[in-house]
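# Coordinate inspection notes
As a plain string of letters, each chain reads:
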Protein chains: 2
Amino acid sequence: MSATLQTVADALGVSRSTVSNAYSRPDQLSPALRERILETARELGYSGPNPTARSLRRGRVGAVGVLFTGSLTQAFTDPYAVQFLGGLAQATERRDTGLLLVPLSADDPDGAQRALAEAAVDGFCVYCAPNWQGSLAVINARSLPVVTTENPTEAGAATLVVSIDERGASRTAGEHIVGFGHRRIAVLDTWVTTERRNGPVRLPDPESLPFYISRERICGVRDAVVAAGGSWSDVLVLNARDNTRADGAAAAAHALDRAQRSTAILATTDVLALGVLDAMAARGLRPGHDVSVTGFDDIPDADRSGLTTIHQPSTEKGRIAGELLLDAPEDPALRRKVLPTSLIVRSSTGPAPVGSSS
Amino acid sequence: MSATLQTVADALGVSRSTVSNAYSRPDQLSPALRERILETARELGYSGPNPTARSLRRGRVGAVGVLFTGSLTQAFTDPYAVQFLGGLAQATERRDTGLLLVPLSADDPDGAQRALAEAAVDGFCVYCAPNWQGSLAVINARSLPVVTTENPTEAGAATLVVSIDERGASRTAGEHIVGFGHRRIAVLDTWVTTERRNGPVRLPDPESLPFYISRERICGVRDAVVAAGGSWSDVLVLNARDNTRADGAAAAAHALDRAQRSTAILATTDVLALGVLDAMAARGLRPGHDVSVTGFDDIPDADRSGLTTIHQPSTEKGRIAGELLLDAPEDPALRRKVLPTSLIVRSSTGPAPVGSSS
DNA sequence: GTACCCTTCTAAATCGATACAGTAGACCGG
DNA sequence: CCGGTCTACTGTATCGATTTAGAAGGGTAC
């Protein structure tokens, strides 16, 4: 069944090299012979050089690995992730490079490590995974280029980074909220605790959070609150089971249904924030009047829903990540990029309701 | 820099085979030696067998290719697609197999074909792409297993298929609608025409549509209408630019804003249907009263929005596709599976408004 | 006619591993 | 002490291509 270069070469009485050239370097042989070779190949059912063999010889695979925490479904549920991946794909496609999804299942750490060690790729993109099950160590051992969108500190010195000022951006949202006079504030995030449930969490010190993005975004809010004379201990911390709209709504219920209802809920992702809006709609609460809500990412749905949020250039982030990975600059200064963000004010935020100051 | 099996073997004075066995077949050597080998490897910075070389020798790559039409962003915008992929990932992960995304850019047919010919994979999954740029021909030439969720007829005899009865399912939705007395009916789909715009389209004969899913779902509606004594020419056909909520809303506007407003809009995907609901909300129209709306797929948001739709087991479809691909049964009867669907009636459908019969 | 170049093709080395057959030595029963 | 069976390891062929240096043949310049 499986024909090889040699098969075709033998059939025509030419050398293997020539057949190879017919596919990979057309300028190295006469057009006439090339045509005969391709013709013969077609007859023999030979569909071109074996990609694996070619990769071995060339030392280039033509794919980059994309790491995921948790299930793939979950990883793609967030439109931010999808946009980022779209950008990444744009960049890699231009260089004839594919994207290999490498799921890191939490149930099976060994399997995850094996998957990383055995993935045939030219580099890795770590975009939504914290240092999961020692995955970074495995990756670094392979001495392949790695680009991450997260933790610039935890990443090795050789790692490529494209990031945003998570803490500063989040602080902007916090300042926007305290500027409106809000004092009963809640922050909503995923996996603030290892218990996977929807509800309030005690978090004495947000600096101690292990997950970079959670830590930075929550600390940003804290900074704004403290700068305005407030105290971190007054901020209600809510955990959502997963980064989904439904879990956002369920977790937000705890802030909305208690006696002293929070007047502002700052979610660390738009998906969660939209869940908050869902929960409010179910209770007849008006965004921006009864309760103010902010998100993070500025996904397309945010605009539709009038959600005040932090815009970050998701697609561009992916594109740049891809370019860095495939064309890693030597200059250390060029190996780390920080992209701008901006606060987008829409209708989901407004002045604190009167009489809510207590 | 790059250590190989041989490097490690030489350093220890053992044979290359033994080092290989230390990684791949631990039972073939004494635990003590194995430990020494792994230790030495670590010191030399050798991170395990080169995946490409291993693939070549083993004849198995450990990845399956997933084909996309259009941009990756678009392919992942539909929760149905994400669920399907999640199921696929479940099945492949269990077999230590990764997912390689292969984008088929419309701009660059040659690039798309090259990507297919050069993808290092053990099989292909074609799940949302029609026969794009002759992609099926390229794939078939490689004589790798292929699974598709679509067109059972266009697919070669060797192709694995996991599908649903698209036409029958869609007809069920149509019967539900005509059963409610609706006669001013619109169908909404993506790419009914090659012009990419939102709005009405003349479609004398739906059987002539080139895209399988569009054709089948639309014909299903037609069958229901005709069976109820109606005529296809009375059905308004709307095209949405892309399969997005926003485009669904924009296209639906044409059915909602005209003098003789459609009393029912049957969308071929939930995403489009949710767009229709958006458009209705913007106009103060009540789903199930003023206008009935149906979707297709039963994505999570459908439930939240009270959308009547056709449920299909998306995740399971992906899982089965993965299993078929990695464990293709010989028996032709087992190579094609048809999964059940069901009509889920929610609040977005109801009796035609009185006096709408003209 | 010789020297030189260009085009077109070939031969051999190489990429980094795995599979399989085979060997050396230990151990055991009789 | 011999045949037989294990265990632990080695040697060689092989997977399917690319690459490099170089050879054959024809053409051109002087």
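Higher on the page you've got the structure.
We now turn to the structure provided with this report. (Residues numbered from 1 in each chain as written. Chains lettered and ligands numbered in written order. Predicted model: local features only at pLDDT ≥ 70, side-chain atom pairs only at ≥ 80, totals over all residues. Heavy atoms only, no water.)

All names here are of chain A. Taking strand neighbours across the sheet as the criterion, the 5 strands line up as E7-E8-E6-E9-E10 in an open arrangement whose pairing is mixed. Either end of the sheet is taken by a strand with one partner, and the two such strands are strand E7 (199-201) and strand E10 (292-294). Averaged over all pairs of adjacent strands, the angle between strand axes in this sheet comes to 30°, irrespective of strand direction. Helix H11 (residues 245-256) rests against strand E6 (185-190), E7, strand E8 (236-240) and strand E9 (264-267) of the sheet, and its axis sits at about 155° to E8. Across the sheet, helix H12 (residues 270-283) is in contact with E6, E8, E9 and E10; its angle to E10 comes to roughly 155°. (Pairing = 2+ DSSP bridges. Helix = DSSP H or I, 4+ residues; strand = E, 2+ residues; numbered from the N terminus. Axes fitted to C-alpha atoms, helices over the stretch in contact; angles between N-to-C directions. Contact = heavy atoms within 4.5 Å.)

What follows concerns the relation of the copies chain A and chain B. Take chain A, turn it by 180°, move it 0.0 Å along the axis, and it overlays chain B with an RMSD of 0.1 Å. Classification of the inter-copy transformation places it as that of a two-fold axis. Rotation axis and chain A: the residue whose C-alpha lies nearest the axis is Leu100 of chain A, separated from it by 2.2 Å. Comparing interface residues between copies, 97% of those in chain A also sit at the interface in chain B, which points to an isologous, same-surface contact. (Least-squares fit on C-alpha atoms with pLDDT ≥ 70 in both.)

A word on the protein's contact with DNA strand C. Around DNA strand C sit 27 residues, and of these Thr18 of chain A together with Leu5, Ser20, Tyr46 and Arg57 of chain B come closest. Counting only the atoms of DNA strand C within 4 Å of the protein, the fraction contributed by sugar and phosphate is 56%. Taking Ser15 of chain A, its main chain carries an N or O atom lying 2.9 Å from a phosphate oxygen of DNA strand C. One of the side-chain nitrogen or oxygen atoms of Tyr46 of chain B is found 2.7 Å away from a phosphate oxygen of DNA strand C. Taken together, the elements giving at least two residues each to the surface near DNA strand C come down to helix H2 (16-24) and helix H4 (51-58) of chain A together with helix H2 (16-24) and helix H4 (51-58) of chain B. (Near = heavy atom within 4 Å. Polar contact = N/O pair within 3.5 Å; in protein donor to acceptor, adjacent residues only side chain to side chain.)

A pair of packed helices can be characterised by two numbers: the angle between their axes and the separation between those axes. Residues and elements named next belong to chain A. Relative orientation of the contacting elements helix H1 (residues 5-12) and helix H3 (residues 31-44) amounts to 115°, with a least axis distance of 10 Å. Judged by the sense of rotation from one axis to the other, the crossing of H1 with H3 is right-handed. Here Thr7, Val8, Ala11 and Leu12 of H1 lie close against H3, whose contacting residues are Arg36, Ile37, Thr40, Ala41 and Leu44. In terms of residue class, the contact of H1 with H3 is made up of 6 nonpolar, 2 polar and 1 charged. (Left-handed = near helix turned anticlockwise from the far one by under 90°. Nonpolar A, V, L, I, M, F, W, Y, C, P; charged D, E, K, R; others polar.)

The next thing to look at is the packing of helix H11 (residues 245-256) of chain B against helix H12 (residues 270-283) of chain B. Residues and elements named next belong to chain B. At a closest axis distance of 7 Å, the pairing of H11 and H12 adopts a crossing angle of 60°. Overall, the two elements H11 and H12 adopt an arrangement that is oblique. The hand of the H11/H12 crossing is right-handed. Residues Arg245, Gly248, Ala249, Ala252, Ala253 and Leu256 of H11 touch H12, and the partners they reach there are Val271, Leu272, Leu274, Gly275, Val276, Asp278, Ala279, Met280 and Arg283. (Parallel < 35°, antiparallel > 145°, perpendicular 65-115°, else oblique.)

Let us now look at the protein's contact with DNA strand D. In the vicinity of DNA strand D there are 28 residues, among which Leu5, Ser20 and Arg57 of chain A together with Thr18 and Arg57 of chain B approach most closely. The contact atoms of DNA strand D, taken as those within 4 Å of the protein, divide so that sugar and phosphate hold 58%. Between DNA strand D and the protein, one listed contact pairs a phosphate oxygen with a side-chain N or O atom of Arg25 of chain A at 3.4 Å. Of all the elements in the fold, those that place two or more residues in the surface near DNA strand D are H2 and H4 of chain A together with H2 and H4 of chain B. When residues in the surface near DNA strand D are grouped by element, the largest group, 5 residues, is from H4 of chain A. For the surface near DNA strand D, a count of residues per class yields 9 nonpolar, 12 polar and 7 charged.

Residue and element names in this part refer to chain A. In this structure the tally under the stated criterion is 48 salt bridges over all chains. A salt bridge links Arg167 to Glu216, with the nearest nitrogen and oxygen atoms 2.8 Å apart. Of this pair, Arg167 sits in helix H9 (residues 166-179) while Glu216 is found in helix H10 (residues 212-227), placing the two residues 49 residues apart along the sequence. For Asp301, the salt bridge is made with Arg304, and the minimal N-O distance between the two is 2.4 Å. With a gap of 3 residues between them, Asp301 and Arg304 both fall in helix H13 (residues 300-304), about one helical turn apart. (Salt bridge = Lys/Arg side-chain N within 4 Å of Asp/Glu carboxyl O.)

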